[in-house]
Amino acid sequence: MDLQLQGKVVLVLAASKGLGRATALQFAREGANVAICARSELIETTATQIVAETGAEVISLRADVTDCNDIDRVVQSTVDRFGGLDILVTNSGGPPSGQFEELPMAAWESAVNLLLMSTVRSIQAALPYLRQSTAPAILTITSSSTKQPIQNLILSNSIRLAVVGLTKTLSQELASDRIRVNSILPGWTYTQRVEELIQSRMAKSGRSLDAELAAASAAIPLGRMGTPDEFANVAVFLCSPAAAYVNGVMLQVDGGLHQGTL
Ligand code: NAD
């Protein structure tokens, strides 16, 4: 199948590693021009690796997605470099783990900024350019926690639902501009973020790494965690013109973890 991504301009936020990196790499493999950002110099290494593997045009920008000025700069730099913007993938790091009574008010405010406001601001900044695209799409990366809370992750369980509400509402509000807006709700996908969560569980439970990995995978019908590439394949398809009639979908990529019928 031709995903029709050759020459499309894609901005993937928070993409130095993990799901963002894998998604940017897959877009590059499909011939898209890719802009990526993250806070540290690792973003430059990631860009170099993607160029080396794919030969695609890639720009990397150091930016913090909780900073409105950084987001504006990233969007503007993408447009300046590639002449437009077709696809925006919103992403950030995850919020700290913890239960309600362990988390101070400041942790809630930071998590709202990190998960919700970064998404709001980046979509606001990208919209004027997406409106000029012939095949515009927005993808928000959220979590399976929006379907089913995950233990010890109350910040994610709570605030990501606002991102899902935003995504669904925008899929209706922006449809008249032909901008498709979807979300992927990843389940357990083996990235550095997951390693850290597993370590936090080990500290609480006193169990070994293998025992915690087995416990997390036991609830997954496919019996294992996903890989970043498996996530990225779905993300890239969903954003591509090949999925032109898919809009307003909150798609689980979770090996069947979510047990509900809808
Ligand atoms: P990760 O920690 O491996 O990668 C996060 C990326 O975001 C990194 O490139 C990091 O540099 C960047 N980043 C973090 N904070 C940033 C900021 N303020 N500004 C700019 N860049 C920033 O995480 P991941 O596993 O790839 O997950 C990505 C998102 O998906 C996270 O929000 C995570 O909570 C969520 N998620 C992941 C899983 C999973 O199993 N991996 C499951 C559900 C949800």
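Rules and cut-offs
Residues numbered from 1 in each chain as written. Predicted model: local features only at pLDDT ≥ 70, side-chain atom pairs only at ≥ 80, totals over all residues. Heavy atoms only, no water. Near = heavy atom within 4 Å. Areas by Shrake-Rupley, 256 points an atom, 1.4 Å probe, with all protein chains shown as cover. Helix = DSSP H or I, 4+ residues; strand = E, 2+ residues; numbered from the N terminus. Nonpolar A, V, L, I, M, F, W, Y, C, P; charged D, E, K, R; others polar. Domains from an automatic or database assignment. Salt bridge = Lys/Arg side-chain N within 4 Å of Asp/Glu carboxyl O. Polar contact = N/O pair within 3.5 Å; in protein donor to acceptor, adjacent residues only side chain to side chain. Phe/Tyr/Trp six-rings, centres within 6.5 Å; stacked < 30°, edge-to-face > 60°. Buried < 20%, exposed > 50% of the residue type's maximum accessible area, 1.4 Å probe, protein only. Lys, Arg positive; Asp, Glu negative; His and termini not counted. Contact = heavy atoms within 4.5 Å. Core = buried A, V, L, I, M, F, W, Y, C linked by side-chain atoms within 4.5 Å. Axes fitted to C-alpha atoms, helices over the stretch in contact; angles between N-to-C directions. Parallel < 35°, antiparallel > 145°, perpendicular 65-115°, else oblique. Left-handed = near helix turned anticlockwise from the far one by under 90°.

**Quick notes on the site of the ligand**
Then step 1. Surrounding the ligand, one finds 28 residues, the nearest of these being Ser16, Leu19, Arg160, Thr189 and Thr191.
Then step 2. Within the complex, the protein chains bury 92% of what would otherwise be the 820 Å² of accessible surface of the ligand.
Then step 3. For the shell around the ligand, the secondary structure elements donating two or more residues are helix H1 (18–29) and helix H6 (192–205).
Then step 4. Counting residues per element, the shell around the ligand draws most heavily on H6, which supplies three residues.
Then step 5. Tallied by class, the residues present in the shell around the ligand amount to eleven nonpolar, twelve polar and five charged.
Then step 6. Taken together, domain 1 (9–187 + 227–248) and domain 2 (190–225) each give at least three residues to the shell around the ligand, which thus spans both.

**Comments concerning the domain arrangement of the protein**
Then step 1. Considered domain by domain, the protein is made up of domain 1 (9–187 + 227–248) and domain 2 (190–225).
Then step 2. Using C-alpha coordinates to define each centre, domain 1 is positioned 25 Å away from domain 2.
Then step 3. At the surface where domain 1 touches domain 2, the tally comes to two salt bridges.
Then step 4. Two residues, Lys204 and Glu102, come together in a salt bridge whose shortest N-O distance is 3.6 Å.
Then step 5. One can count three residue pairs in polar contact (both at pLDDT 80 or more) joining domain 1 with domain 2.
Then step 6. For the side of domain 1 that touches domain 2, the secondary-structure elements that each account for two or more residues are H1 and helix H8 (228–239).

**Some details on the packing of aromatic side chains**
Then step 1. Scanning the entire structure with this criterion turns up one aromatic pair.
Then step 2. Seen from their ring centres, Phe100 and Trp108 are 6.2 Å apart, and the 65° between their planes marks the pair as edge-to-face.
Then step 3. Its relative accessible area of 19% is what places Trp108 among the buried residues.

**A short note on the side chain of Asp254**
Then step 1. With respect to the helices and strands, Asp254 occurs in the segment after strand E7 (250–253).
Then step 2. Within the buried set, Asp254 has no salt-bridge partner at all; the shortest N-O distance to an opposite charge, 8.7 Å, is to Lys147.
Then step 3. Only 2.9 Å separates the side chain of Asp254 from the backbone nitrogen of Gly256, close enough to count as a polar contact.
Then step 4. For Asp254, the side chain forms a polar contact with the main-chain nitrogen of His258, separated by 3.0 Å.
Then step 5. Among all residues touching Asp254, those that are not within four sequence positions of it are Gly187 and Ile220.

**Quick word on the nonpolar core**
Then step 1. If you look at the biggest cluster of nonpolar residues, it comprises 30 residues, and the most contacted ones within it are Val12, Phe27, Val34, Ile36, Ile87 and Val89.
Then step 2. Where this core is concerned, the elements lending two or more residues are strand E1 (9–12), H1, strand E2 (33–38), helix H2 (42–54), strand E4 (87–90), strand E5 (137–141) and H8.
Then step 3. Once residues lying within four places of it in the same chain are set aside, the contact partners of Val89 are Leu11, Val12, Leu13, Phe27, Leu139, Ile141 and Cys239.

**Things to note about the packing of H6 against helix H7 (residues 209–218)**
Then step 1. Interaxial distance between H6 and H7 falls to 9 Å at its minimum, and their mutual angle equals 110°. Taken together, the axes of H6 and H7 are roughly perpendicular relative to one another. By crossing handedness, the relation of H6 to H7 is classed as right-handed. Seen from H6, the contacting residues are Ile198, Arg201, Met202 and Ser205; seen from H7, they are Leu209, Glu212, Leu213 and Ala216.
Then step 2. In the contact of H6 with H7, the residues fall into five nonpolar, one polar and two charged.

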